[in-house]
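Each chain, letter by letter, is given below.
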Amino acid sequence: MATGTVPSRSQVEGIVRQVVSARLHGTRPGPPALAVHASARHMHVSREDLDRLFGPGYELTVDRPLHQPGNFAAKETVTLIGPRSRLISNLRILGPLRSRTQIELAFTDAVSLGYDDVPIRLSGNLDGTPGALVMGPKGVVELQEGVIRAAMHAHMSPSEASHYGVKQGDLMRLRVGGDAAVTFERVHVRIGEESRLDVHMDTDEANACGLAQAREFALFK
Ligand SMILES: [Zn+2]
């Protein structure tokens, strides 16, 4: 490069345009909007178990769509009977159908049903978990396993994951501000093409951090 060369007026204008454009259009976009939701106790159900509980070929009815595209709360509920014959009625089913039936409880739900030890698991990781008796309008299913406390997790798209610099299965932290401020240490990253940035916790965790009143959230590594 020649020393002492003064850039031409048009070169200077080009540089200025690049800088201004980068500021306006953002080579570094701001953080994605963060949603945090509490999931009340619920059941995901397989085709086979839905047939037994509600009758062959039964289809779930959408009550309301959930934040993650394609997921919904169904109108249908079941009765859950725990190990010491204590029960929870009106356990909500969430759609769509899954390959295995899974019941997600908060710790207080598990205690009130008489479970001694319901493990914290990621969705779908059910080996060695306790079972339950499930009663529907047309029949009963005896689950050998499938009862869990859902591990806190953050759904996100691939671009949201790259914003945070995380990959599938990483752990992040969630700080919830407010009068009952809490920082959760183990938020599992779950990346999906169709996912939207959304942290899911159970009702015990939501009560502990005062989620309903909380206004500030921060998700970080
Ligand atoms: Zn979730």
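Along each chain, the written sequence defines residue order, and numbers are assigned to residues from 1. Per-residue local features are limited, in this predicted model, to residues with pLDDT of at least 70; the limit for side-chain atom pairs, both in listing and counting, is 80 or more; totals at the level of whole chains, interfaces and linings are taken over all residues. Working from all heavy atoms in the structure, the side-chain values ignore hydrogens and water.

Draft legend 1. Spotlight on the sheet that holds strand E14 (residues 198-202). A pair of strands is treated as paired once DSSP finds two or more bridges between them. A run of H or I in DSSP counts as a helix once it spans at least four residues, and a run of E counts as a strand once it spans at least two, with each numbered from the N terminus. Strand order in the open sheet made by the six strands is E1-E14-E11-E13-E12-E15, with mixed pairing throughout. The two strands at the open ends of the sheet, each matched to only one other strand, are strand E1 (35-39) and strand E15 (217-220). Adjacent strand axes in the sheet meet at a mean angle of 30°, parallel and antiparallel pairs treated alike. Where E1 meets E14, five bridges bridge the pair, whose relative direction is parallel. The residue bridging Ala35 from the neighbouring strand is Asp198, located in E14. Geometry is summarised by axes, namely lines fitted to C-alpha atoms with helices restricted to the contacting stretch, and by angles between N-to-C directions that run from 0 to 180 degrees.

Draft legend 2. Structural view of the coordination of the zinc ion. At 2.0 to 2.1 Å from the zinc ion lie its protein donor atoms, namely His153 (NE2), His155 (NE2) and His200 (ND1). Donor residues binding the zinc ion come from one chain and are separated in sequence as H-x1-H-x44-H. With His155 in strand E11 (residues 153-156) and His200 in strand E14, this residue pair connects regions lying 45 residues apart in the sequence. Burial status follows relative accessibility: with a 1.4 Å probe on protein chains alone, a residue under 20% of its type maximum counts as buried, one over 50% as exposed, and anything between as partly exposed. Since its relative accessible area comes to 10%, His155 is described here as buried. With relative accessibility at 17%, the residue His200 sits in the buried group. Metal coordination here is assigned from N, O and S atoms located within 2.8 Å of the ion, or within 3.2 Å for Na, K and Ca; omission of water means that sites may look incomplete.

Draft legend 3. Molecular detail of unusual backbone geometry. With an omega of 0°, the peptide bond between Gly95 and Pro96 qualifies as cis. On the secondary structure map, Pro96 appears in strand E5 (residues 87-98). Not every positive phi belongs to a glycine, and Ser85 is a case in point at roughly 60°. Position of Ser85 among the secondary structure elements: in the loop between strand E4 (72-81) and E5.

Draft legend 4. Structural detail: the pattern of salt bridges. Salt bridges are defined as contacts in which a side-chain nitrogen from Lys or Arg sits within 4 Å of a carboxyl oxygen from Asp or Glu. According to the stated counting rule, one finds 12 salt bridges in the structure shown. Between Arg52 and Asp49 there is a salt bridge, and its shortest N-O distance comes to 3.9 Å. Taken together, the residues Arg52 and Asp49, both in helix H2 (residues 47-54) and three residues apart, mark about one turn of the helix. A residue is classified by how much of its surface remains accessible, and Arg52, at 42% relative accessible area, is partly exposed. Relative accessible area serves as the criterion here: at 9%, Asp49 is assigned to the buried category. With a closest N to O distance of 3.9 Å, Glu185 and Arg173 form a salt bridge. Of this pair, Glu185 sits in strand E13 (residues 182-191) while Arg173 sits in strand E12 (residues 171-176), and the two are 12 residues apart along the sequence. Assessed through its relative accessible area of 35%, Arg173 is described here as partly exposed.

Draft legend 5. Summary view of the nonpolar core. Think of a nonpolar core as a cluster: buried Ala, Val, Leu, Ile, Met, Phe, Trp, Tyr and Cys residues, connected wherever their side-chain atoms sit within 4.5 Å. Counting residues in hydrophobic clusters, the biggest one holds 24 residues, and the most contacted among them are Met43 and Ile103. Listed by contribution, the elements that provide at least two residues to this core are strand E2 (42-46), H2, E4, E5, helix H3 (107-113), strand E8 (132-135) and strand E9 (140-143). Once you skip the residues sitting within four places of it in the chain, Met43 turns out to touch Leu53, Val78, Leu91, Arg92, Ile93, Leu94, Thr101, Gln102, Ile103 and Val134. Listed in part, the 21 residues of the second largest apolar core include Met152, Leu174, Val187 and Val189. Whether two residues touch is decided by their heavy atoms; if any such pair falls within 4.5 Å, the residues are in contact.

Draft legend 6. The arrangement of the side chain of His155 in detail. A 3.5 Å cut-off defines polar contacts: any pair of N or O atoms within that distance qualifies, except that in protein one atom must be a possible hydrogen donor and the other a possible acceptor, and neighbouring residues in sequence count only when both atoms are side-chain atoms. At 3.1 Å, the side chain of His155 and the side chain of His153 are in polar contact. Side-chain polar atoms of His155 contact the side chain of His200, separated by 3.1 Å.

Draft legend 7. Just the environment of Ala35, in detail. Locating Ala35 in the fold gives a position in strand E1. A residue is classified by how much of its surface remains accessible, and Ala35, at 17% relative accessible area, is buried. Separated by 161 residues in the primary sequence, Ala35 and Arg196 place their C-alpha atoms 8.8 Å from one another. Beyond its immediate sequence surroundings of up to four residues, Ala35 is in contact with His67, Leu197, Asp198 and Val199.

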